[in-house]
Amino acid sequence: MLKKKFFINGEWIEGNHYQSLTSPYSEEVIAEIPQASEKEVDQAIEAADKAREVMAKMSAHERAAILENLVRLIEERAAEAAEIIAKEAAKPITTAKAEVARTIATYKFAAEEAKRIYGETLPLDAAQGGEGRVAYTVREPLGIVTAITPFNFPMNLVAHKVGPALAAGNTIVLKPASQTPLSSLFLGELLEEAGLPKGAINIVTGSGRVVGEKITTDDRVSVVTFTGSPAVGIGIRNKAGLKRVILELGSNSAVIVDKNVEIDKIISRCVTGAFSFQGQVCISLQRIYVHEEVYESFVERFVEQTSQLKIGDPLHPTTDVSALITRNDVERSLAWIEEAKEGGAKVALGGKAEGNVLYPTVILEADSSLKVSCQEVFAPIVLINKIQSMEEAYQFVNDSRYGLQAGIYTNDVFTALEASEKLHVGGVMINDIPTFRVDHMPYGGVKESGLGREGIKYTIEEMTELKLIVWNKN
Ligand code: NAP
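Residues numbered from 1 in each chain as written. Predicted model: local features only at pLDDT ≥ 70, side-chain atom pairs only at ≥ 80, totals over all residues. Heavy atoms only, no water.

Focus: the overall build of the chain
A count of helical and extended segments in the chain gives 15 helices and 24 strands. Expressed as lengths along the three principal axes of its C-alpha atoms, the size of the chain is roughly 70 × 65 × 40 Å. A total of 474 residues make up the chain; the buried ones form 55% of that total. Sequence-distant contacts, at least 24 apart, represent 73% of the contacts inside the chain between residues at least 6 apart. Surface accessibility of the chain: about 19,700 Å² in total, with carbon and sulfur atoms responsible for 50%. A gap of 4 Å separates the mean positions of the 50 positive and 64 negative side-chain charges of the chain. (Helix = DSSP H or I, 4+ residues; strand = E, 2+ residues; numbered from the N terminus. Buried < 20%, exposed > 50% of the residue type's maximum accessible area, 1.4 Å probe, protein only. Contact = heavy atoms within 4.5 Å. Areas by Shrake-Rupley, 256 points an atom, 1.4 Å probe, with all protein chains shown as cover. Lys, Arg positive; Asp, Glu negative; His and termini not counted. Charge placed at Lys NZ, Arg CZ, Asp CG, Glu CD.)

Okay, structure coming up:
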C-alpha cells in the first residue's frame with residue numbers, strides 16, 4: 001500500500017488521519033492519503049513564510065535553472081507521470097501522456113519567463129512638475145501564493161500555478177484536489193531533487209472544505225490562485241479580502257458552424273473537443289450551433305464518428321472514453337439527460353451508463369433553459385442545435401453565465417471578424433473548437449468563468465507587484 005506524506009518545509013511528514021484513494025475506473029484503492037487539518041496548513045504557511053526571503057533574493061538564472069532541472073526530471077519519468085494521472089483521474093493513457101507533454105512545455109515556458117520579468121522607464125516630465133526626474137518600474141514577488149487545483153488536469157494545471165509562482169520568486173502552499181493528490185506529491189519529489197530550497201513549495205493534501213478557509217484567509221498569504229468550480233471560486237473571492245485572487249472557473253463552451261464550411265474536415269476535431277477526458281475539461285465543447293443548410297449532414301457524420309469511440313480502461317492504449325470522476329457525476333448526468341428528454345430534446349446517441357462510465361451522448365435541439373445547455377455538464381454530453389443566422393448563433397453562445405472560450409468555423413472573413421467582436425468570452429478561436437489551448441497563451445474567462453489570466457507570462461504579472469522608483473536630479 002502506498003502510504004503518502006505531506007511535503008512541508010522540505011520534509012515528508014506523516015498525517016494524523018488518512019483516507020483511501022480509489023481509482024475511478026477500477027475502484028481499487030491505489031494509495032492512502034494524509035488529510036490535512038488547519039494545523040498542517042498553518043505549518044505549511046509558516047514554512048512558506050520563512051522561505052520567502054531566500055526565494056525573493058534568488059537570481060533569475062538560479063530560479064530558471066531549478067525549473068530547467070524540473071523539466072529534465074519530468075522528461076526522464078514521463079511514462080510514470082502519465083500512469084499516475086491515468087490511475088488517479090481515469091484519464092485515458094494517451095490523453096494522460098499528452099498532459100505530461102504539456103506539463104513539460106509549461107515548466108519550460110516558466111523557466112524562460114523567469115529571465116524575462118521586465119519593468120519600464122517612464123517619461124515623468126510629460127507632466128508639469130515631473131521635470132528633472134528619472135523613473136522606472138520593477139516587478140517584485142508578492143510572497144506566499146496558495147494554490148488550489150482541480151482533478152481534471154492534475155499535472156498541467158498545477159504547473160500553471162507552481163511554474164509562474166517560482167519563476168517570479170514566490171513561495172507556495174499547494175492543495176491539490178482530493179481525487180488527484182498523487183500528481184502533486186510526485187511533483188514535490190521532483191522539485192526536491194531539482195534543488196528548490198526547503199519551504200519554497202509545501203504540499204498539503206485533504207479536503208478543500210476542511211482546510212479551504214485557512215488557505216484562503218490567512219494574513220501571511222498574498223495570492224490565492226484557484227482553478228475549479230464557480231461555486232467554490234466565488235466563495236474564495238468573497239473571503240480573500242485584499243489578497244490577489246486568480247480564478248479559473250467553469251464554462252459551457254460553444255462552437256458555431258457556418259453554412260460554407262466543409263463539414264468532413266471539422267467533424268473529428270469537434271468529436272475530440274466534446275469527448276476528450278470524458279468531457280471533463282473546462283473548455284470542453286458542450287454546445288454546437290450549426291447553420292440549417294449543413295445541419296443534417298453535420299449531425300449524421302458527428303453521430304457516426306462518436307459511435308466509433310472506444311470505451312474502457314484508462315490504462316489501455318486504445319481507450320478514448322473512460323469513467324467519470326465519481327459515481328455522483330454519472331447519476332447527475334443521467335438525471336440531466338432525462339430532464340432534456342422531458343423538455344423535448346432528442347437523444348441521438350448514448351444516454352446510458354455502465355459502472356462509472358457514461359456513454360458519449362449526443363443531444364439534438366435542446367432548449368437553452370435545460371440544465372444540459374445552461375449549466376456546465378462536465379461529462380461526455382454534447383448538444384447540437386440548428387441556427388438560421390450567425391446573429392442568432394452569437395445570441396445563443398452569449399446567453400450563458402459563462403464566457404471562457406468560443407469557436408467559430410467559417411470561410412467568410414467578415415463573419416470571422418464579426419464573431420471575434422460579438423462573442424463575449426476570454427478567447428475566440430477562428431476555425432477551431434473552443435477547446436484549443438497551448439500553455440503560453442493568455443487564458444481565462446469573463447462572467448462566471450473567472451478572474452485574471454493564466455499563461456505563464458500573464459500569471460507572472462498577476463503574481464508580482466509593480467514597484468515605482470523615482471530619482472530626483474533637481
Ligand atoms: P472543485 O470541486 O471546485 O474543486 C477544486 C478544488 O477546490 C479542489 O482542490 C477542492 O478540494 C477545492 N475546494 C473544495 N471546496 C473548497 C473550499 N470550500 N475552499 C477552498 N477549496 C475548496 O472543482 P473540480 O470538480 O475539482 O474541477 C472541476 C471544475 O473546475 C469545473 O467547474 C471546471 O470547469 C473547472 N476548471 C476550470 C479550469 C479553467 O482553467 N478555467 C480548468 C480546469 C477545471 P477537494 O477536492 O478536497 O474538494
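From this point on, the discussion continues.
A short note on the site of the ligand
Every one of the 30 residues lining the ligand counts as a neighbour, but Thr149, Ser178, Ser229, Leu249 and Glu376 are closest to it. For the ligand, an oxygen atom lies 3.3 Å from a polar atom in the backbone of phenylalanine 151. Contact distances for the ligand include 2.8 Å between an oxygen atom and a backbone N or O atom of glycine 208. Here the ligand loses 85% of its free accessible area of 910 Å² to cover by the protein chains. For the shell around the ligand, the elements supplying multiple residues, two or more each, are α7 (208–217), β10 (221–227) and α8 (230–239). Partitioned by chemical class, the residues of the shell around the ligand number 15 nonpolar, eleven polar and four charged. (Near = heavy atom within 4 Å. Polar contact = N/O pair within 3.5 Å; in protein donor to acceptor, adjacent residues only side chain to side chain. Nonpolar A, V, L, I, M, F, W, Y, C, P; charged D, E, K, R; others polar.)

A few points about the sheet that holds strand β21 (residues 427–430)
The strand order across the open sheet formed by seven strands is β14-β17-β18-β13-β12-β20-β21, and the pairing between neighbours is mixed. Both edges of this open sheet fall to β14 (346–349) and β21, since each of them pairs with a single strand only. Shown here is a sheet whose adjacent strand axes are inclined to one another by a mean of 20°, direction ignored. Two elements, strand β12 (residues 254–257) and strand β13 (residues 287–291), share four bridges in a ladder whose sense is parallel. Looking at the pairing, alanine 254 lines up with arginine 287 of β13. (Pairing = 2+ DSSP bridges. Axes fitted to C-alpha atoms, helices over the stretch in contact; angles between N-to-C directions.)

Brief notes about the nonpolar core
Judged by nonpolar contacts, the single largest core of 56 residues is most densely connected at Leu70, Tyr107, Val162, Leu187, Leu191 and Ile201. Excluding residues that lie within four positions of it along the chain, isoleucine 201 makes contacts with Phe7, Val162, Ile172, Leu187, Leu191 and Leu196. Counting residues in hydrophobic clusters, the runner-up holds 27 residues, among them Ile263, Ile288, Phe298 and Phe302. (Core = buried A, V, L, I, M, F, W, Y, C linked by side-chain atoms within 4.5 Å.)

Considerations on the layout of surface pockets
Each pocket or cavity is described by its volume, and for the largest pocket that value is around 1,200 Å³. Forming the walls of the largest pocket are 43 residues, and the residues nearest its centre are Phe151, Phe226, Gly228, Ser229 and Val232. Among the elements of the structure, α7, β10, α8 and α11 (327–342) are those that each provide at least two residues to the lining of the largest pocket. Broken down by element, the residue count for the lining of the largest pocket peaks at seven residues, all from α7. (1 Å grid on protein atoms, 1.4 Å probe; cavity = no way out; pocket = protein on both sides within 12 Å on 5 of 7 lines; lining within 4 Å. Points joined across faces, edges and corners; volume = space filled by probe spheres on them.)

Structural notes on the packing of helix α9 (residues 263–275) against helix α10 (residues 292–306)
Their axes nearest at 9 Å, the elements α9 and α10 cross at an angle of 55°. The angle between α9 and α10 falls in the class oblique. Between α9 and α10 lies a crossing whose hand is right-handed. In contact with Ile263, Asp264, Ile266, Ile267, Ser268, Cys270, Val271, Ala274 and Phe275 of α9, α10 contributes Val294, Ser297, Phe298, Arg301, Phe302, Gln305 and Thr306. Its residues assigned to classes, the contact of α9 with α10 shows ten nonpolar, four polar and two charged. (Parallel < 35°, antiparallel > 145°, perpendicular 65-115°, else oblique. Left-handed = near helix turned anticlockwise from the far one by under 90°.)

Structural notes on the environment of histidine 17
Mapped onto the elements, histidine 17 comes out in the loop between β2 (11–13) and β3 (18–22). For the pair histidine 17 and glutamate 83, spaced 66 residues apart in sequence, the C-alpha separation works out to 26 Å. Histidine 17 has contacts with Ile33, Pro34 and Gln35, leaving out every residue within four places of it along the chain.

Describing the pairing of β13
Among the five residues that make up β13, five are buried, leaving the element largely enclosed by the rest of the structure. Residue alternation in β13 divides its side chains into two sets, Arg287, Tyr289 and His291 and Ile288 and Val290, and both sets are buried. What joins β12 to β13 is α9, and the crossover it makes is right-handed. (Right-handed = clockwise from strand over helix to strand, strands pointing away.)

What to know about the packing of aromatic side chains
This structure, assessed with the given rule, holds six aromatic pairs. Ring geometry for phenylalanine 151 and phenylalanine 277: centres 6.3 Å apart, planes at 65°, overall edge-to-face. Of this pair, phenylalanine 151 sits in the loop between β7 (144–148) and α5 (156–167) while phenylalanine 277 is found in the loop between α9 and β13, placing the two residues 126 residues apart along the sequence. Phenylalanine 277 carries the same exposure label as phenylalanine 151, and that label is buried. The structure contains a cluster of three or more aromatic residues connected by ring pairs, namely Phe151, Phe277 and Phe378. Here the guanidinium or amino end of lysine 91 rests over the ring plane of phenylalanine 153, the centre of that ring lying 3.7 Å away. The ring centre of phenylalanine 277 lies 4.5 Å from the NZ or CZ of lysine 91, which sits over that ring. (Phe/Tyr/Trp six-rings, centres within 6.5 Å; stacked < 30°, edge-to-face > 60°. Lys NZ or Arg CZ within 6 Å of the ring centre and 35° of its normal.)

Considerations on empty space enclosed by the protein
The tally for this structure, following the rule as stated, stands at four cavities of 30 Å³ or more. Lining the largest cavity are Ile74, Thr103, Tyr107, Pro154, Met155, Val158, Ser183, Phe186, Leu187 and Leu190. Listed by contribution, the elements that provide at least two residues to the lining of the largest cavity are α4 (93–113) and α6 (181–194). Of all the elements, α6 adds the most residues to the lining of the largest cavity, at four residues. Class assignment for the residues of the lining of the largest cavity results in eight nonpolar, two polar and no charged. Every residue lining the second largest cavity is counted, 15 residues in all, and those nearest its centre are Arg287, Val397, Tyr402, Gly403 and Val425. Those elements that place two or more of their residues in the lining of the second largest cavity are α13 (390–398), β19 (402–403) and β20 (405–409).

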